[in-house]
Amino acid sequence: MRSVDEQLDMIIDATMTPEPIRIGITDALGLMCAEEVQASSPLPGFSQAAVDGYAVRAVDVGGGQTLGKKEGPAAAETETSLPVVGEVAAGSQKPLRLQPRQAVRVATGAPLPTLADAVLPLEWSDRGRKRVSPHRPVRSGDFIRKEGDDIQPGDLAVRAGAVLGPAQIGLLAATGRDKVLVYPRPRVTVMSYGLELVDVDRNPSLGQVYDVSSYAVAAAAKDAGAEVNRVGIINAEPRRLKEQIATQAQRSEFLIITGAVGGSSAKPLQEALGELGEIDTSRVAMHPGSAQGFGLIGEDRIPVFLLPSNAVSALVIFEALIRPAVRTSLGKRVPTRRTVKARSLNHIESIPGRVGYVRARLMRDAETRDYLVDSIGGPSGGPAHLLAGLAEANAMIRIPVDVAHVGPGDIVDVMFLQQRA
């Protein structure tokens, strides 16, 4: 029996990154940049006001000394009162030149007049229209965004290998780029196999069940960041079976087939896969989900995962082994779920010699802020195959292979699944 870590290492080693494509920056969020993007111009492109106020020379409004607020008509005639000789709006293309002991009213983002080296905020003045009296001094450089403060021409704006978040998308826009070369989302094809399966648009007859796993796994793959194609139930006739798999493998970076392990009914499928490549159905030391398969098929050696028909087992395998591969192909530095230490609220029993994955509710103590975890079903006393329990979970407890018993108060490793309202 292969360990979970050994199985994961084998899968990660076979994980492929799709060929780069050029797409619009509005569609690039979350993808890995495949090129070095250099700035061709400074950012900002000109010195501009950072707040609404008055463009001034700092030396004309007191420099380093504190100014007193003046009251009444005499305020306009004090030595710190400056004539307002113009107004510049954001987007203005009319250059102004500031003379000594003058002020120009400016809006946030407006270009600074020549000789101005600071902006006096409105709140620091009497807001005068013809003359302005400052209540506080400003220093040279205060409340302005200087040309090239953020990026200089030739600077690296976005590096190759960076995952494009909102800030990176903003930098691309700031450099005038509307497209960028990225590694696209890996294409994951999900298929299901089983004579007992019917799709959700049909009523199952005696002995038939809905195809649940392919829907659940397809949703999990999309949640992981993949581009997902759910094919649904595939034909059981051997020649047609092989053709369908070969066709879908050519369109995918990952191929997942649910209902493909366990029992003699899965043999035709595994034989068809064996003709296309190498398939290993060695059991993995985990529970649930020990019965699974992994292999590489076709000339491009596309990774293929064989999952059980039970939706809970299929989803646990996806979380433990397939999601990290998808996230790795997206360029994520930490492809696994966030894991925290939590105090168990109840007794849990796990199968000796296997890593246990137990559905759970993760919460925090209101006073201590410690993580607490409450198991739902699984080895703690409920059937591991029931999907409703997983639907109520926001986390999974990961019990090490050498631990068979967890008691109330014991500290366990818990993986976040998703936040719930």
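Identification of the protein as Molybdopterin molybdenumtransferase from Corynebacterium genitalium ATCC 33030 is taken from an unreviewed UniProt entry. Among the UniProt annotations of the protein, the heading Pathway (unreviewed entry) holds the following wording: "Cofactor biosynthesis; molybdopterin biosynthesis." Its UniProt record gives the protein the following Cofactor (unreviewed entry) comment, quoted word for word: "Mg(2+)".

Take the pattern of salt bridges next. Following the criterion strictly, the structure yields 18 salt bridges and no others. Of the charged contacts in the structure, one is a salt bridge between Asp5 and Arg398, with a shortest N-O distance of 4.0 Å. Of this pair, Asp5 sits in helix 1 (residues 4-14) while Arg398 is found in strand 26 (residues 395-399), placing the two residues 393 residues apart along the sequence. Under the relative-accessibility criterion, Asp5 is labelled partly exposed at 48%.

This part covers empty space enclosed by the protein. For the structure shown, the criterion picks out two cavities of 30 Å³ or more. Counted as a void, the largest cavity has a volume near 40 Å³. Lining the largest cavity we find Ala39, Ser40, Ser41, Pro42, Leu43, Ile151, Ala174 and Thr175. Of the residues contributing to the lining of the largest cavity, the split by class is five nonpolar, three polar and no charged.

The volume enclosed by the second largest pocket comes to roughly 270 Å³. Lining of the second largest pocket is provided by 16 residues; of these, Ala249, Gln250, Glu299, Asp300 and Ile302 occupy positions nearest its centre. Looking at the lining of the second largest pocket residue by residue, the classes come out as seven nonpolar, four polar and five charged.

Another point: the pairing of strand 24 (residues 355-364). Summarising burial for strand 24: seven of the 10 residues are buried, a large majority. Relative to strand 24, strand 19 (residues 286-287) runs parallel, the two sharing two bridges. Bridge assignment links His287 to a residue of strand 24, and that residue is Gly356. Summarising the sheet, strand 24 and strand 26 pair through five bridges and their orientation is antiparallel. Paired with Val358 across the strands is Ile397, a residue of strand 26.

In this section: unusual backbone geometry. Of note, the amide linkage connecting Leu43 to Pro44 takes the cis form, showing an omega dihedral of -10°. Although it is not a glycine, Arg127 sits at a positive phi angle of roughly 60°. You can see Arg127 is positioned in the loop between strand 8 (118-121) and strand 9 (131-132). Arg127 sits in the partly exposed class, given a relative accessible area of 44%. Residues other than glycine seldom take positive phi values, yet Arg301 does so here, at roughly 55°. Note on placement: Arg301 falls in the loop between strand 20 (293-297) and strand 21 (302-307).

Taken in spatial order, the three strands line up as 1-12-2 in an open sheet, and their pairing is antiparallel. The sheet terminates laterally at strand 1 (21-24) and strand 2 (32-33), the two strands that pair on one side only. Relative to strand 12 (residues 179-183), strand 1 is paired through four bridges, and the arrangement is antiparallel. Along strand 12, the bridge assignment pairs Ile21 with Val182.

To continue, consider the sheet that holds strand 6 (residues 82-88). Read across the sheet, five strands follow the order 8-5-7-6-9 without closing on themselves; strand pairing throughout is mixed. Edge positions in the sheet fall to strand 8 and strand 9, since each of these pairs with one other strand and no more.

This part covers the nonpolar core. Ile256, Met286 and Tyr357 are the most contacted members of the largest nonpolar core, which totals 38 residues. Counting only elements with at least two residues in this core, the list comes to helix 1, strand 13 (187-192), helix 3 (213-223), strand 17 (254-258), strand 20, strand 21, helix 6 (311-329) and strand 24. Ranked by residue count, the leading element in this core is helix 6, at 11 residues. If you count residues domain by domain, this core takes at least three from each of domain 1 (4-18 + 185-330) and domain 4 (339-416). Setting aside its immediate chain neighbours within four residues, Met286 contacts Val4, Gln292, Val316, Ile317, Ala320, Leu321, Arg354, Val355 and Tyr357. Residues Ile234, Ala260, Leu273 and Ile297 belong to the second largest nonpolar core, which totals 18 residues.

For Arg2, the position within the fold is in the segment before helix 1. What makes Arg2 buried here is its relative accessible area of 19%. A polar atom in the side chain of Arg2 sits 2.9 Å from the side chain of Gln7. Setting aside anything within four residues of it in sequence, one finds Arg2 in contact with Gln7, Met10, Asp280, Ser282, Arg283, Val284 and Ala285.

Analysis parameters
- Residues numbered from 1 in each chain as written.
- Predicted model: local features only at pLDDT ≥ 70, side-chain atom pairs only at ≥ 80, totals over all residues.
- Heavy atoms only, no water.
- UniProt positions renumbered as here; feature names shortened; annotations may be inferred.
- Salt bridge = Lys/Arg side-chain N within 4 Å of Asp/Glu carboxyl O.
- Helix = DSSP H or I, 4+ residues; strand = E, 2+ residues; numbered from the N terminus.
- Buried < 20%, exposed > 50% of the residue type's maximum accessible area, 1.4 Å probe, protein only.
- 1 Å grid on protein atoms, 1.4 Å probe; cavity = no way out; pocket = protein on both sides within 12 Å on 5 of 7 lines; lining within 4 Å.
- Points joined across faces, edges and corners; volume = space filled by probe spheres on them.
- Nonpolar A, V, L, I, M, F, W, Y, C, P; charged D, E, K, R; others polar.
- Pairing = 2+ DSSP bridges.
- Core = buried A, V, L, I, M, F, W, Y, C linked by side-chain atoms within 4.5 Å.
- Domains from an automatic or database assignment.
- Contact = heavy atoms within 4.5 Å.
- Polar contact = N/O pair within 3.5 Å; in protein donor to acceptor, adjacent residues only side chain to side chain.

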